[in-house]
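Topology and contacts: notes
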Amino acid sequence: MFTNKEKTIKIIEKSIEKSLVYSNEGEVASYIPELANVNPTDFALSIVYVDGQEYKFGDYNKIFSIQSISKVILLIMALNDNSINEVFEKVDTEPTKYKFNSLIPIDNIAANPFINAGAITISSLIKGKDLNEKFNRTFDKIKKLSNSDKISFLEEIYKSEMDTTDVNRSISYYLRSKKIFSLDAEEVLDLYIRNCSIGINSTDLAHIGALLANGGKDLESGVEIISKDSVRIVLSQMASCGMYEESGRFLLEVGIPSKSGVSGAILGVVPGKCGICVYSPKLDKSGNSVVGKNLLKILSNDLDLNIFV
Ligand code: DON
């Protein structure tokens, strides 16, 4: 006789097997040179339920750069440091069909906090006396939300992106020219890139997901760590805008609010149930992990995680 946990493990192992059919598809991101140095066949899956149960598979201790999943933390921080109105008069809330690093914000302000223009805007709203203090605050926030001491800063990724990030640099100067912020454009850009360069593993990210799934309350103590308003806003933006220009299709097929990053990680949150993080570096044309998005679709069905049905 299998226990429930053993049964769940078997279901997940089967789901992983089905998703690995897609492992020949996609390309590792190379527009940030250092990102091309990852092992394309790395794979990790971590699921953390709100009751604290963990399911971990593959390279779940492997550290990768958080990339755009940092946009979730930046939004939590900005909502902590400013009122909701102050945030959303600077950045819009709408999905976009433009690429995540498009130079075209819509109507001068960025379409949403989860594309680069939006996250650079959000970076300008993080409080602190200087760049270091602002970064240390977001870094500490990630440590606190994941309840982990394994969070690191990936210097090589940071340098590699800072040396090559002409597009994000242009976006930052453009937003400043439109008076979206008045801070130094280089410093705002730097804060954004530093946050993308934070190193984390799939389990620690899944912990952050579980916290969001638990309404922002610590899984053990029940103490509120993220406000209810922030959870509501972050999850709805993940659902509508978290998977770049494929967000609508992903929500239709998978039904899990999610945020992806170009290192190949996707963080999914099933409210009331669990946080899920898949890591597999080969990406589709939109920048979403191919195995990751397919595994989330399969798991949504096999573990009954779709928020709509
Ligand atoms: O700004 C960049 O291009 C990367 N640091 C992050 C891109 C990413 O993960 C997708 N962005 N939404």
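Residues numbered from 1 in each chain as written. Predicted model: local features only at pLDDT ≥ 70, side-chain atom pairs only at ≥ 80, totals over all residues. Heavy atoms only, no water.

1. Some details on the packing of helix 2 (residues 70–81) against helix 10 (residues 228–241)
What counts is decided by this rule: Throughout, an axis means a line fitted to C-alpha atoms (over the contacting stretch in the case of helices), and angles, computed between N-to-C directions, take values from 0 to 180 degrees. Secondary structure elements follow DSSP: runs of H or I of four or more residues count as helices, runs of E of two or more count as strands, with numbering from the N terminus. Handedness of a helix crossing follows the sense of rotation of the near helix relative to the far helix, less than a right angle counterclockwise being left-handed and clockwise being right-handed. Any pair of residues with heavy atoms lying within 4.5 Å of one another is described as a contacting pair. The nonpolar class holds Ala, Val, Leu, Ile, Met, Phe, Trp, Tyr, Cys and Pro. Asp, Glu, Lys and Arg form the charged class, and all remaining residues, Gly among them, are polar.
The N-to-C vectors of helix 2 and helix 10 enclose an angle of 145°; their axes lie 10 Å apart at closest approach. In terms of crossing hand, the pair formed by helix 2 and helix 10 is right-handed. The residues of helix 10 that touch helix 2, namely those facing Val 72, Leu 75, Ile 76 and Leu 79, are Ser 230, Ile 233, Val 234 and Met 238. In the contact of helix 2 with helix 10, the residues fall into 7 nonpolar, 1 polar and no charged.

2. Quick notes on a nonpolar patch on the surface
What counts is decided by this rule: A patch consists of residues exposed above 30% relative accessible area that lack any salt bridge, with like charges linked at up to 9 Å and nonpolar side chains (Val, Leu, Ile, Met, Phe, Trp, Tyr) linked at up to 5 Å. Accessibility throughout is a Shrake-Rupley quantity obtained with a 1.4 Å probe, and a residue counts as covered only by protein chains that appear here. Counted as salt bridges are all cases of a side-chain nitrogen of Lys or Arg within 4 Å of a carboxyl oxygen of Asp or Glu.
Where nonpolar side chains cluster on the molecular surface, the patch consists of Tyr 98, Leu 103, Ile 104, Ile 106 and Val 167 and spans about 430 Å² of accessible area. Looking at where Tyr 98 falls in the secondary structure, it is placed in the loop between helix 3 (84–88) and helix 4 (116–123).

3. Quick look at the side chain of Ser 19
You can see Ser 19 is positioned in helix 1 (residues 4–19). Discounting residues that sit within four places of it in the chain, Ser 19 has contacts with Val 291, Asn 294, Leu 295 and Ile 298.

4. Digging into the sheet that holds strand 7 (residues 258–260)
In plain terms, the rule: Note on pairing: DSSP must find at least two bridges between two strands before they are called paired.
Spatially, 5 strands are ordered 3-2-9-8-7 in an open sheet, and the strand pairing comes out antiparallel. Pairing within the sheet leaves two strands with one partner each, and these edge strands are strand 3 (54–58) and strand 7. Mean inter-strand twist for the sheet, computed between neighbouring axes without regard to direction, equals 5°. Where strand 2 (residues 44–49) and strand 9 (residues 274–279) come together, 6 bridges link them in antiparallel fashion. Opposite Leu 45, over in strand 9, you have Val 278 as the bridge partner. Together, strand 2 and strand 3 form the strand contacts of helix 1, whose direction differs from that of strand 3 by roughly 35°. Packing of helix 12 (residues 290–302) onto the sheet brings it into contact with strand 2, strand 7, strand 8 (265–270) and strand 9, and relative to strand 9 it is tilted by some 145°.

5. A look at the nonpolar core
Generally speaking, nonpolar side chains in soluble globular proteins are found buried as a group. Note the following rule: Nonpolar cores were defined as sets of buried Ala, Val, Leu, Ile, Met, Phe, Trp, Tyr and Cys residues, with membership established by side-chain atoms within 4.5 Å. Relative accessibility decides the category of a residue: with a 1.4 Å probe and only protein chains considered, values under 20% of the type maximum give buried, values over 50% give exposed, and everything between is partly exposed.
By size, the foremost hydrophobic cluster in this structure holds 67 residues, and its most contacted members are Leu 205 and Leu 212. Among the elements that take part in this core, helix 2 stands out by supplying 8 residues, more than any other. Setting aside residues up to four positions removed in sequence, Leu 212 forms contacts with Val 72, Ile 76, Ile 226, Val 231, Val 234, Leu 235 and Val 269. Core analysis: the second largest hydrophobic core is formed by 23 residues, Leu 45, Tyr 49, Phe 250 and Ile 266 among them.

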